[in-house]
Amino acid sequence: MTKVISNIKQFTKLRKSKSLTDKSIGLVPTMGALHEGHLSIVKRSIKENDITIVTIFVNPTQFNSKEDLLKYPQNLKGDLFKLKKLKVDFILVPAFNEIYPDNYAYVLTENELSKILCGKYRPGHFDGVLTVVMKLLNIVKPTHAYFGEKDYQQLKLIKAMVDTFFIDTKIIAHPIVRNKNGLALSSRNERLSLEQQVLAAELHKTLSSGLSITKIKSTLKQKGFVVEYVEKFDNRILSGVYLNKVRLIDNVKI
Ligand code: PAF
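Let me sum up the structure you'll find in this document. Note that the coordinates shown come from a computational prediction; the quantities given were computed from them, not determined experimentally.

## Focus on the sheet that holds strand β4 (residues 90-92)
Moving on, step 1. A sheet is described by the order of its strands in space; here six strands give the open sequence β1-β4-β3-β2-β5-β6, paired in parallel fashion. Of all strands in the sheet, those with a lone pairing partner are β1 (3-5) and β6 (170-174), marking the two edges. For this sheet the average axis-to-axis angle between neighbouring strands, irrespective of direction, equals 25°.
Moving on, step 2. With three bridges connecting them, strand β3 (residues 51-56) and β4 associate as parallel partners. Its bridge partner lying in β4, valine 54 is registered against isoleucine 91.
Moving on, step 3. Against the sheet, helix α1 (residues 8-15) makes contact with β1, β2 (25-30), β3 and β4, and its axis sits at roughly 135° relative to β1, the strand it touches most.
Moving on, step 4. Sheet strands in contact with helix α2 (residues 36-48) are β2, β3, β5 (144-148) and β6, and its direction is about 155° off that of β5.

Written out as structure tokens, the structure is:
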């Protein structure tokens, strides 16, 4: 049966118990408002590990705008229902004080990759992400931790952080899950009307069009997006755009 825990000390004690030692443990960190993309990662972790632990924590330190944090969709009851249905072993739902007993006095900063692409437009965002992920890895001590490729820059930063700090967890990248129109699933899509969601799918279509970066940007603008950035990075085209004040990110392999 799924166990829901909010107290970190209680979890740490459990983590040391016999039932969790010498097991493969999959961690799926989330900020809740779970959609099919999250659930596909959770199902994969269940398949690949003895034990799966999902964390639900809307991490305030990674929101660089108060408005974005306030508008971030939350549905704890629905999330717990979905995860229990999948028979997840543990759901960790810590409060702010549990995760940040120092009130965010200690911060983990990366000084290169975190300053470009999304990081250029969201100062402090990746400090918040890396700090919370490091804490979650230290609390859960998973053998595997799963992150979606939609947040490609986040994924790369976390992989490098784990190597840099010799953390004994394998970071697993999960492919982007899209709806039938090609729109990458995201909790933020809930803030778009159905009509806007159809238009939002044009982001993926345009990124995959084979056009030059300049032409992709102008096409997106014509279609009604406010373009923050579209850039080639690794073997991908990464993008951050706004539609109706909702920030969307997506990327495609070249
Ligand atoms: O990708 C997310 O949902 C968040 O950035 C994460 C990894 C759960 C950290 O808060």
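## Regarding the pairing of strand β9 (residues 246-253)
Moving on, step 1. Among the eight residues in β9, seven count as buried, and that is most of the element.
Moving on, step 2. Sheet analysis places strand β8 (residues 236-243) next to β9, joined by eight bridges and oriented antiparallel. Of the residues in β9, the one forming a bridge with valine 241 is leucine 248.
Moving on, step 3. Counted along the chain from β8 to the antiparallel partner β9, the turn is two residues long, and its residue asparagine 244 has a positive phi close to 50°.

## Describing the environment of alanine 200
Moving on, step 1. If you trace the backbone, alanine 200 turns up in helix α9 (residues 194-207).
Moving on, step 2. Classification of alanine 200 by relative accessible area gives buried; the value is 1%.
Moving on, step 3. When the C-alpha atoms of alanine 200 and glycine 224 are compared, they prove to be 9.4 Å apart, with 24 residues separating the residues in sequence.
Moving on, step 4. Leaving out residues up to four positions away in the same chain, alanine 200 has contacts with Leu183, Leu192, Phe225, Leu243 and Leu248.

## Some points on empty space enclosed by the protein
Moving on, step 1. Under the criterion given, the structure shown has two cavities of 30 Å³ or more.
Moving on, step 2. Each pocket or cavity is described by its volume, and for the largest cavity that value is around 870 Å³.
Moving on, step 3. Forming the walls of the largest cavity are 48 residues, and the residues nearest its centre are His38, Tyr72, Lys150, Asp151 and Gln154.
Moving on, step 4. For the lining of the largest cavity, the secondary-structure elements that each account for two or more residues are β2, α2, α7 (125-140), β5, α8 (152-164), β8 and β9.
Moving on, step 5. Broken down by element, the lining of the largest cavity gets its largest block of residues, six residues, from α7.
Moving on, step 6. Residues that form the lining of the largest cavity fall into these classes: 25 nonpolar, 16 polar and seven charged.
Moving on, step 7. Of the voids in this model, the second largest cavity is the one considered here, and its volume is about 30 Å³.
Moving on, step 8. Taken together, Leu183, Ala184, Ser186, Asn189, Leu203, Leu248 and Ile249 make up the full set of residues lining the second largest cavity.
Moving on, step 9. In terms of residue class, the lining of the second largest cavity is made up of five nonpolar, two polar and no charged.

The rules we used
- Residues numbered from 1 in each chain as written.
- Predicted model: local features only at pLDDT ≥ 70, side-chain atom pairs only at ≥ 80, totals over all residues.
- Heavy atoms only, no water.
- Pairing = 2+ DSSP bridges.
- Helix = DSSP H or I, 4+ residues; strand = E, 2+ residues; numbered from the N terminus.
- Axes fitted to C-alpha atoms, helices over the stretch in contact; angles between N-to-C directions.
- Contact = heavy atoms within 4.5 Å.
- Buried < 20%, exposed > 50% of the residue type's maximum accessible area, 1.4 Å probe, protein only.
- 1 Å grid on protein atoms, 1.4 Å probe; cavity = no way out; pocket = protein on both sides within 12 Å on 5 of 7 lines; lining within 4 Å.
- Points joined across faces, edges and corners; volume = space filled by probe spheres on them.
- Nonpolar A, V, L, I, M, F, W, Y, C, P; charged D, E, K, R; others polar.

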